[in-house]
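# Notes for the structure review
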Amino acid sequence: MTAPPSTAPTSTSGGASPAPGPRSPAPPGRGRVRWLARSAWRQLTSMRTALLLLFLLAMAAIPGSLLPQRGVNPLEVDSFIARHPTLGPFFDRLFLFDVFAAPWFGAIYALLFVSLVGCVVPRTRMYARALASPPPRAPAHPSRLQHGTTYVTSAAPEVAIGKAEPLLRRRRWRVVTDGASLSAEKGRLREAGNLLFHTSLLLLLAGVGLGAAYGYSGTVLVVEGSSFTNSLINYDQFTSGPLLDRAGLPPFSLKLTSFDASYQPDGTPRTFMAHVAARTDLAGAATPGDIAVNAPWRDGSAKVYLIGHGYAPHFTVRDASGRVWFDQYIPCTPRDENFTSTCTVKVPDTGLPAAGPNKRPQQLAFTGVFFPTTRLDPREGYVSAYPALQAPGLTVRALVGDLHLANGVPQNVYALDESAMQQVPVTGPAGTRRPAQVLAPGNPKQRTLTGLPGGMTLTVDDVRQFATFQIKSDPYKGLVLVAAVLLLMGLVTSLRVRRRRIWLRAGRGSDGRTLVEVGGLSRSEGDRFAAEFDDVARALARR
Amino acid sequence: MPVDLGLARLSDNLLFVAVVCYSLAMLGYAAEFAFRRRRAGEPVVERQPEAALVGAGGPPIAGAVPSGEGAGQQASERDDDRAGGAGRDGAGRAGAGRAGAGRAGAGRAGAGRAGAGRDQAALAGKIAVALTILGWLAHVGSLVARGFATHRVPWGNMYEFSSAISLVAVTTFLVLMARQPVRYLGVFVMLPVVCYLGLAGKVLYTAAGPLVPALNSYWIKIHVVAAIIASGVFMVGAATTVLYLFKERWERRQPVPYPDEPGPGVAVVTRGGILARLPAAETLDRTAYRVIAFAFPIWTFAVIAGAIWAEAAWGRYWGWDPKETWSFITWVIYAGYLHARATAGWRGRRAALVALTGFAALFIDYYVVNIWITGLHSYAGV
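Structural notes, computed from the coordinates.

Along its length, chain A carries 9 helices and 26 strands. A compact globule built from 543 residues should have a C-alpha radius of gyration of about 24 Å, whereas chain A, at 38 Å, is more than 25% larger. Seen along its three principal axes, the alpha-carbon backbone of chain A occupies a region of about 125 × 60 × 50 Å. Of all 543 residues assigned to chain A, the portion counted as buried reaches 42%. For chain A, the proportion of contacts with a sequence separation of at least 24, taken over those separated by at least 6, is 60%.

Dropping the structure here:
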């Protein structure tokens with residue numbers, strides 16, 4: 001691709017990194033392979049390629065922000081594919097729903113970092129060499145440089161130069177002198193900052209990669225009064241990096257002693273606070289702690305975040321003799337901001353004999369809707385009017401039949417397979433043999449439901465809160481932070497420090513006095529060097 | 001704590017005052033820019049002002065500008081353009097000397113006739129600066145009043161972000177003006193600022209109220225402030241870059257290079273129009289670079305601080321949320337700009353286009369992402 005001359009007027013000027021030069025003809029045989037490799041390497045590590053890769057990276061990231069991403073919101077991806085039956089699968093094949101894990105994104109990324117290494121390594125070598133060598137000798141006539149001036153002194157040339165040296169050193173210039181001339185240099189930190197910036201980028205990438213390989217994340221739901229121990233089996237959901245030792249998770253445990261939620265009068269949330277008793281090893285003593293939305297609890301590299309909460313009514317199932325067959329707090333899934341929640345209770349063991357010609361088991365299930373503050377709306381029926389627990393109520397219906405739990409197929413605890421279940425009419429506060437009942441856990445007279453097969457009863461006599469926690473561990477987070485801080489330091493240094501040189505050359509003029517030529521050159525952009533040079537030259541002349 | 005309605009109203013009124021001041025200042029800068037004569041000691045240019053510019057907002061000073069023709073004066077104008085640009089660069093003193101000496105006589109002759117026009121234009125510029133400072137004070141007052149009215153930092157929703165970004169842009173312009181002769185930038189900074197504030201007041205306006213819980217963290221003071229400062233400064237950088245592109249094109253189209261050849265024809269110079277009065281493209285380019293190089297580390301810091309906040313709030317420092325993605329894109333493009341300036345074949349026009357692309361990405365990051373793309377940053381309150 002060649003740009004027309006009118007659009008690229010400066011293309012002939014030299015760049016900071018030389019573009020690959022004109023190609024020499026390829027040598028034959030094994031030399032040819034090496035020539036090709038070297039040419040490819042030079043092409044890859046040139047600044048132009050790096051620029052193109054940068055822009056490619058920016059462009060590749062754009063679909064990641066416009067289309068739903070699996071890593072961020074998998075449900076939305078599914079619904080997008082469902083809504084676009086032709087386009088969806090096509091996008092999926094192009095990894096457009098996993099842009100940041102896509103091979104093409106990774107390829108750009110990898111090439112960019114190879115290019116970065118190819119830039120940092122030789123430049124570091126060059127910088128080290130430059131550090132060891134003194135600033136270059138003064139030119140014959142320093143005053144003819146971009147910044148240049150002269151002054152006249154009665155001192156001998158060697159004396160004039162000798163006087164200039166301490167002055168420049170006091171102003172923190174690096175000075176080399178050979179009697180009749182002097183070279184001074186300042187701002188070599190600029191390149192150091194530049195190298196630090198690019199090296200930190202590599203370090204940052206390493207930290208991100210290691211974190212992804214050794215980190216884990218999972219969610220867990222804990223009802224007030226119960227505990228969670230950090231091992232794989234206790235998680236409701238768990239993902240981890242390929243190199244994580246899954247058996248070696250830190251053995252902390254958390255007991256949710258109580259959960260506090262407060263709300264504004266209009267129902268918007270004010271504060272959430274989970275009070276926990278934590279043990280960092282199983283034998284140790286428990287220490288109390290609090291987990292709030294912006295304040296996680298931590299143990300080593302693992303952090304426990306509060307991400308949700310809700311209500312768990314207490315369900316008790318008894319048979320006709322009063323024997324208890326089921327006794328559990330069942331978390332209900334909140335579905336609006338006033339915590340109207342859906343509850344599903346499965347009671348596999350009921351003591352009831354198998355029934356019917358097919359000898360189907362008689363297992364019990366209850367589905368219902370829980371309202372922390374129950375109100376009977378004339379149009380919408382029962383609703384929750386406020387998120388706090390002020391007048392708890394539960395509409396519930398009962399089913400009997402086969403829960404299909406024994407088939408070995410894993411089931412969602414919050415969903416009921418009703419294919420082999422049959423609804424049974426129940427008796428309770430709402431009347432005799434109704435399809436559904438309304439229970440009030442706070443009222444001892446209105447919290448029991450009867451009329452189940454075999455004279456069994458259901459009682460809902462208590463409500464506790466639950467909290468959902470997310471446990472995250474990224475052991476290389478610290479490395480990423482350090483890299484980011486170094487990156488910023490390098491960036492500021494490389495943009496703020498300017499590299500500049502001053503040369504002096506003294507000689508006898510025709511009138512017998514000494515003429516000192518002063519010249520200066522700034523290798524960086526910005527025009528503040530002119531002022532600095534004038535200042536130095538004036539100070540030198542005053543000597 | 002309840003919102004102090006009196007202070008909230010005061011804040012709204014002050015912002016209105018600021019917008020009025022900025023708009024008037026914009027007119028003043030435009031007038032000065034269009035009708036400006038040479039500064040003292042420089043030869044005078046005489047030219048009929050272009051009708052388009054008067055239409056664009058110049059008050060009717062047009063009648064006061066004398067018109068003059070003559071090859072000698074046109075030539076002096078060419079010389080002067082080169083000298084003015086070079087002198088400001090500090091790069092070519094020789095050029096300045098040549099032009100000054102050679103044409104001083106012709107220039108002084110014209111100075112007497114054009115004196116009145118120059119004074120009026122300079123006066124317009126000075127009034128514009130005074131109005132900008134007045135508007136700036138009202139703007140600061142508006143933000144402070146909003147903060148006290150709501151008992152929180154006054155940058156908690158899109159309306160307040162836009163106002164704060166504009167304030168930073170105006171501040172950057174004022175600071176720049178104190179250090180360099182950049183009054184010519186006035187129109188081009190005030191225009192986007194007035195547009196931003198108009199957008200803020202008309203479309204994004206949100207009544208004073210408390211913060212949404214997600215923003216209730218001390219990181220709002222760190223991350224959001226850094227993002228606002230960087231954006232405001234980038235805005236000034238983008239305005240300068242646009243000017244650079246126009247001037248660069250104008251310079252490229254000058255058929256005869258200065259100075260030793262016969263001066264260009266009348267048609268060529270008048271076609272340059274007001275662009276001739278901008279500083280040399282090189283100066284504009286360098287100013288744009290310095291402004292962007294100042295903002296880039298601040299933007300980097302804003303992104304890093306955002307990652308730290310995300311880690312504290314959501315448990316991960318980076319999750320490719322749309323806001324994060326566009327911050328990343330913006331960062332990558334501006335990083336590309338800094339590299340492009342040091343690459344043969346990219347510096348100059350192409351680098352400037354990269355900088356403008358970066359600003360476009362920043363705009364998307366602020367407005368498009370908040371309004372049209374849902375993500376974790378969708379607190380916008382639009």
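Next, the rest of the story.
Looking now at unusual backbone geometry. Positive phi is not limited to glycine here, since Phe339 of chain A has a value of about 60 degrees. Looking at where Phe339 of chain A falls in the secondary structure, it is placed in the loop between strand 13 (333-334) and strand 14 (341-347). One non-glycine residue with positive phi stands out, namely Trp320 of chain B, at about 55 degrees. Within the fold, Trp320 of chain B resides in the loop between helix 9 (281-314) and helix 10 (322-340).

A few words on the interface of chain B and chain A. Listed as interface residues are 51 residues of chain B and, on the opposing side, 57 residues of chain A. Roughly 4,600 Å² of surface becomes buried between chain B and chain A when both sides are summed, with 63% attributable to carbon and sulfur atoms. Considering only the side of chain B, the residues that lose the most area to chain A are Arg290, Tyr317 and Trp320 of chain B, jointly responsible for 13% of the buried surface there. Viewed at the interface, chain A and chain B are joined by 2 salt bridges. A salt bridge links Glu311 of chain B to Lys477 of chain A; the nearest nitrogen and oxygen atoms lie 2.5 Å apart. Counting across the chain B and chain A interface gives 5 residue pairs in polar contact (both at pLDDT 80 or more).

It is worth spelling out the packing of helix 2 (residues 47-66) of chain A against helix 5 (residues 103-132) of chain A at this point. Residue and element names in this part refer to chain A. Between helix 2 and helix 5, the least distance of the axes is 10 Å, while the angle of their chain directions is 150 degrees. The angle between helix 2 and helix 5 places the two elements in the roughly antiparallel class. By crossing handedness, the relation of helix 2 to helix 5 is classed as left-handed. Listed contacts from helix 5 to Ala50, Leu53, Leu54, Leu56, Leu57, Ala60 and Ala61 of helix 2 are Trp104, Phe105, Ile108, Tyr109, Leu111, Leu112 and Ser115. Tallied by class, the residues present in the contact of helix 2 with helix 5 amount to 13 nonpolar, 1 polar and no charged.

This part covers a positive patch on the surface. Residues and elements named next belong to chain A. Residues Arg30, Arg34, Arg38 and Arg42 make up a contiguous surface patch of positive charge. Following the sequence through the fold, Arg38 ends up in helix 1 (residues 30-44). Judged by its relative accessible area of 53%, Arg38 falls in the exposed class.

Our focus in this paragraph is the sheet that holds strand 3 (residues 181-186) of chain A. Backbone-to-backbone hydrogen bonds join strands into a sheet, with any given pair of strands oriented parallel or antiparallel. All names here are of chain A. On the basis of which strands lie adjacent, the open sheet formed by 5 strands has the order 1-26-25-3-2 and antiparallel pairing. This sheet does not close on itself; its edge strands, each paired only once, are strand 1 (147-153) and strand 2 (174-177). Averaged over all neighbouring strand pairs, the angle between strand axes comes to 15 degrees, with direction disregarded. Pairing of strand 1 with strand 26 (residues 514-522) involves 7 bridges; the strand directions are antiparallel. Paired with Thr150 across the strands is Glu517, a residue of strand 26. With respect to the sheet, helix 9 (residues 528-542) is in contact with strand 1, strand 3, strand 25 (500-508) and strand 26, its orientation differing from that of strand 1 by roughly 10 degrees.

Okay, the pattern of salt bridges next. Residue and element names in this part refer to chain A. Applying the stated criterion across every chain, the model contains 25 salt bridges over all chains. Between Arg169 and Glu165 there is a salt bridge, with its nearest N and O atoms 2.7 Å apart. With a gap of 4 residues between them, Arg169 and Glu165 both fall in helix 6 (residues 157-170), about one helical turn apart. Judged by relative accessible area, Arg169 falls into the partly exposed class, the value being 43%. The exposure class of Glu165 is buried, given its relative accessible area of 19%.

With 24 residues, helix 11 (residues 349-372) of chain B should cover 34 Å at 1.5 Å per step; its first-to-last C-alpha distance of 32 Å lies within 8% of that length. Within helix 11 of chain B, the axis deviates most sharply at Ile364 of chain B, by approximately 35 degrees.

The rules behind these values
Residues numbered from 1 in each chain as written. Chains lettered and ligands numbered in written order. Predicted model: local features only at pLDDT ≥ 70, side-chain atom pairs only at ≥ 80, totals over all residues. Heavy atoms only, no water. Helix = DSSP H or I, 4+ residues; strand = E, 2+ residues; numbered from the N terminus. Rg over C-alpha atoms; globule rule 2.2 N^0.38 Å. Buried < 20%, exposed > 50% of the residue type's maximum accessible area, 1.4 Å probe, protein only. Contact = heavy atoms within 4.5 Å. Buried area = accessible area lost by both parts, 1.4 Å probe. Salt bridge = Lys/Arg side-chain N within 4 Å of Asp/Glu carboxyl O. Polar contact = N/O pair within 3.5 Å; in protein donor to acceptor, adjacent residues only side chain to side chain. Axes fitted to C-alpha atoms, helices over the stretch in contact; angles between N-to-C directions. Parallel < 35°, antiparallel > 145°, perpendicular 65-115°, else oblique. Left-handed = near helix turned anticlockwise from the far one by under 90°. Nonpolar A, V, L, I, M, F, W, Y, C, P; charged D, E, K, R; others polar. Patch = residues over 30% accessible without salt bridge, like charges linked within 9 Å, V, L, I, M, F, W, Y side chains within 5 Å. Areas by Shrake-Rupley, 256 points an atom, 1.4 Å probe, with all protein chains shown as cover. Lys, Arg positive; Asp, Glu negative; His and termini not counted. Charge placed at Lys NZ, Arg CZ, Asp CG, Glu CD. Pairing = 2+ DSSP bridges. Expected span 1.5 Å × (residues − 1). Bend = angle between axes of the 7 residues up to and from the residue.

Note that every value here comes from positions in space, so none of it alone points to a role or purpose.
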